[in-house]
Amino acid sequence: MQKFLKWLKAAGIRAIKTVAQTAVATIGTGAVFSGVDWKTVVSAALLAGLVSLLTSTAGLPEIKE
């Protein structure tokens, strides 16, 4: 259980960073702030977070085996 919680924390931190980076990149594609398609920003960011968590199942360098 301890190992899973350690993995979950590391994977969660990585996923949150990925979500933030994706949101910033997607917002940056709008010419002006009012022209940002917020549905696209949210959906792209959440999808990136999900992909990050799924990728983390292969292993995280932060977690020593």
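Going by the structure above, here's the rest.
Residues numbered from 1 in each chain as written. Predicted model: local features only at pLDDT ≥ 70, side-chain atom pairs only at ≥ 80, totals over all residues. Heavy atoms only, no water.

Participant: Could you give an account of the side chain of Ser 56, with specific residues and numbers?
Facilitator: Residue position: Ser 56 is located in helix 2 (residues 38-56). Those residues in contact with Ser 56 that sit more than four places away from it in its chain are Trp 7, Ala 11 and Arg 14. (Helix = DSSP H or I, 4+ residues; strand = E, 2+ residues; numbered from the N terminus. Contact = heavy atoms within 4.5 Å.)

Participant: A description of the packing of aromatic side chains should follow, citing residues and the corresponding values.
Facilitator: Using the criterion set out here, one finds one aromatic pair in the structure. With a centroid separation of 6.1 Å and an interplanar angle of 25 degrees, the aromatic rings of Phe 4 and Trp 7 are classed as stacked. Of the two residues, Phe 4 and Trp 7 are both situated in helix 1 (residues 2-28); the distance of three residues between them amounts to about one turn of the helix. On the accessibility criterion, Phe 4 (45% relative accessible area) is partly exposed. (Phe/Tyr/Trp six-rings, centres within 6.5 Å; stacked < 30°, edge-to-face > 60°. Buried < 20%, exposed > 50% of the residue type's maximum accessible area, 1.4 Å probe, protein only.)

Participant: With reference to specific residues and values, describe helix 1.
Facilitator: Side chains three or four residues apart in an α-helix point the same way, a direct result of the helix having 3.6 residues per turn. Taking 1.5 Å of rise per residue, the 27 residues of helix 1 would be expected to cover 39 Å, and the 39 Å separating its terminal C-alpha atoms lies within 8% of that figure. Those residues of helix 1 that sit buried are Ala 10, Ala 11, Ala 15, Thr 22, Ala 23 and Thr 26. Buried residues belonging to helix 1 abut helix 2. (Expected span 1.5 Å × (residues − 1).)

Participant: Any chance you could break down the environment of Gly 28 for me, citing the residues and the numbers?
Facilitator: Within the secondary structure, Gly 28 sits in helix 1. A residue is classified by how much of its surface remains accessible, and Gly 28, at 58% relative accessible area, is exposed. Residues Gly 28 and Val 41, spaced 13 residues apart in sequence, show a C-alpha to C-alpha distance of 9.9 Å.

Participant: Please give an account of the packing of helix 1 against helix 2 that cites residues and values.
Facilitator: Between helix 1 and helix 2, whose axes approach to 8 Å, the crossing angle comes to 150 degrees. By the angle between their directions, the pair helix 1 and helix 2 is classed as roughly antiparallel. The element helix 1 and its partner helix 2 pack so that their crossing is right-handed. Residues Trp 7, Ala 11, Gly 12, Arg 14, Ala 15, Thr 18, Val 19, Thr 22, Ala 23, Thr 26 and Ile 27 of helix 1 touch helix 2, and the partners they reach there are Trp 38, Thr 40, Val 41, Ala 44, Ala 45, Ala 48, Gly 49, Ser 52, Leu 53 and Ser 56. (Axes fitted to C-alpha atoms, helices over the stretch in contact; angles between N-to-C directions. Parallel < 35°, antiparallel > 145°, perpendicular 65-115°, else oblique. Left-handed = near helix turned anticlockwise from the far one by under 90°.)

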